[in-house]
Amino acid sequence: MLKMNVELVPKITLMGFISYTSPWVHFYRNTDEYLLYIVKNGEMHLKENGTEYVLKRGDTLLLEPGLDHEGTQKAACDYYFFHFKHPYMETASVLNPAELAKSLLLEDQTQQDAEMSCYFPKRHTLSDNNSFHQIMHAVGELLLLYRRKHYNRGLTALRFSELLLELSNDYFMQLLHNKGDKGSKTTGKVHDLLDYIHLHYTDKIGSELIEREFDANYDYLNRVFKKMTGFTIMKYINKVRIQHAQELIQATHMSFGEIGYLTGLNDPYYFSKVFKQFTGLSPAQYYKKVRET
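Residues numbered from 1 in each chain as written. Predicted model: local features only at pLDDT ≥ 70, side-chain atom pairs only at ≥ 80, totals over all residues. Heavy atoms only, no water.

> I'm lost on the overall build of the protein chain in this one. Help?
When helices and strands are counted, the protein chain shows ten helices and eleven strands. Taken over the C-alpha atoms alone, the protein chain extends approximately 70 × 45 × 40 Å along its principal axes. Burial statistics for the protein chain: of 293 residues in total, 45% are counted as buried. As presented, the protein chain carries roughly 15,900 Å² of accessible surface, and 50% of it is formed by carbon and sulfur atoms. Looking at the protein chain, you have 34 positive and 35 negative side-chain charges, and the mean spots of the two groups are 1 Å apart. (Helix = DSSP H or I, 4+ residues; strand = E, 2+ residues; numbered from the N terminus. Buried < 20%, exposed > 50% of the residue type's maximum accessible area, 1.4 Å probe, protein only. Areas by Shrake-Rupley, 256 points an atom, 1.4 Å probe, with all protein chains shown as cover. Lys, Arg positive; Asp, Glu negative; His and termini not counted. Charge placed at Lys NZ, Arg CZ, Asp CG, Glu CD.)

> Explain empty space enclosed by the protein here, please?
It is a probe the size of a water molecule, rolled over the atoms, that shows where empty space is left. Counted under the stated rule, the structure contains two cavities of 30 Å³ or more. Along the walls of the largest cavity sit Leu36, Thr60, Leu61, Leu62, Phe120, Pro121, Lys122, His124, Leu164 and Leu167, which together make up its complete lining. Residue assignment for the lining of the largest cavity shows that the elements contributing at least two residues are β6 (59-63) and α3 (153-179). Considering only residue class, the lining of the largest cavity consists of seven nonpolar, two polar and one charged. Along the walls of the second largest cavity sit Trp24, Val25, His26, Glu43, Met44, His45, Gln73 and Ala75, which together make up its complete lining. Each residue belonging to the lining of the second largest cavity can be placed in one class, and the counts come to four nonpolar, three polar and one charged. (1 Å grid on protein atoms, 1.4 Å probe; cavity = no way out; pocket = protein on both sides within 12 Å on 5 of 7 lines; lining within 4 Å. Points joined across faces, edges and corners; volume = space filled by probe spheres on them. Nonpolar A, V, L, I, M, F, W, Y, C, P; charged D, E, K, R; others polar.)

> Would you take a moment to explain the sheet that holds strand β8 (residues 75-85) for this structure?
Within a sheet, adjacent strands bond to each other through the backbone by hydrogen bonds, running parallel or antiparallel. Reading across the sheet, the five strands line up as β2-β8-β3-β6-β11 and stay open at both edges, with antiparallel pairing between neighbours. Strands with a single pairing partner mark the edges of an open sheet, and in this sheet they are β2 (11-24) and β11 (123-125). Neighbour to neighbour, the strand axes of the sheet diverge by 15° on average, direction disregarded. Bridge count for β2 against β8 is ten bridges, and the pairing is antiparallel. In the strand pairing of β8, Ser19 is matched with Asp78. (Pairing = 2+ DSSP bridges. Axes fitted to C-alpha atoms, helices over the stretch in contact; angles between N-to-C directions.)

> In this structure, what is going on with the packing of aromatic side chains? I would like to understand it.
What describes a pair of aromatic rings is the distance from one ring centre to the other and the angle between the planes of the rings. Going through the model one piece at a time under the given rule, you end up with 15 aromatic pairs. Between Arg57 and the ring centre of Phe132, over which it is positioned, the NZ or CZ distance is 3.8 Å. (Phe/Tyr/Trp six-rings, centres within 6.5 Å; stacked < 30°, edge-to-face > 60°. Lys NZ or Arg CZ within 6 Å of the ring centre and 35° of its normal.)

> Explain the side chain of Ser168 to me, please; I cannot follow it from the model alone.
Assignment of secondary structure puts Ser168 in helix α3. A relative accessible area of 7% places Ser168 in the buried class. At 2.4 Å, the side chain of Ser168 forms a polar contact with the backbone oxygen of Tyr119. (Polar contact = N/O pair within 3.5 Å; in protein donor to acceptor, adjacent residues only side chain to side chain.)

> Looking at this structure, I do not really get the packing of helix α7 (residues 233-251) against helix α10 (residues 283-292). What am I missing?
Any two packed helices are characterised by how steeply their axes cross, that is the angle between the axes, and by the distance between the axes. Running from N to C, α7 and α10 point in directions that differ by 50°, and their axes come no closer than 9 Å. By the angle class used here, α7 and α10 are oblique. Once α7 is placed against α10, the crossing between them reads as right-handed. Facing α7, whose interface residues are Gln246, Ile249 and Gln250, α10 presents Pro283, Tyr286, Tyr287, Val290 and Arg291. Of the residues belonging to the contact of α7 with α10, the class tally is five nonpolar, two polar and one charged. (Parallel < 35°, antiparallel > 145°, perpendicular 65-115°, else oblique. Left-handed = near helix turned anticlockwise from the far one by under 90°. Contact = heavy atoms within 4.5 Å.)

> What exactly am I supposed to notice about the sheet that holds strand β10 (residues 117-120) here?
On the basis of which strands lie adjacent, the open sheet formed by three strands has the order β9-β1-β10 and antiparallel pairing. Edge positions in the open sheet fall to β9 (89-91) and β10, since each of these has one partner strand only. Between one strand and the next, the sheet's axes are offset by a mean angle of 20°, whatever the strand orientation.

Laid out in structure tokens, this is it:
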């Protein structure tokens, strides 16, 4: 697994799409940059530093700088390639990938590094056809952007960072899915619900709304959600609200009433109660601690 500081964007040196309709073998190469391959169709047979890979539709592979890589067998293949450099990217040893997945997907700031890091596997297979088509669409748009004038290169780098985050997210969601109830379509709904909560945490979110938006029985979805995240849906919603309340206390001098309103906890007493449940401090105590620090 590799880790990249996403506070800095990669520098893209080359990207494109290649379609080999006749069998072809990859040439030998050793570069000073990273290479990401995403296979659209066919097969690619590669060896990097003695490790052999057979890539098929929906497979991704990240080749590292300073390592020998070359083809091992001829095959027809359509694939996207991305050459890039990054000053803070390294191999990461992860003892418990499932716990890391839960931490990253829940945006648990207490467990993440001080720097914002993105983790992704050396090799990954996109989880399903929906993910494959989404990534293909994103890659196609990225390539169109790259081919425009050079002043778009900064935006291209940002979009490429977004693509890496999407690949990372797909990998970790698949990992959690495989750790849980294999074959359950509810995993995808939990993923979508997480996104929904982070977008709509300021709104009033209840069980009826969730059943309507996600076409699922709330009690069942809540059980799966807790199994994957460790939180009930409502507790996780409040967790997100309090995280944003902490940010507002740190960055502004708003009243606690205003902060509660902006984070979806309109009742001042309830806001203070929930804040203390998650932080161990009242809003006033937290404000004093932040200012003293």
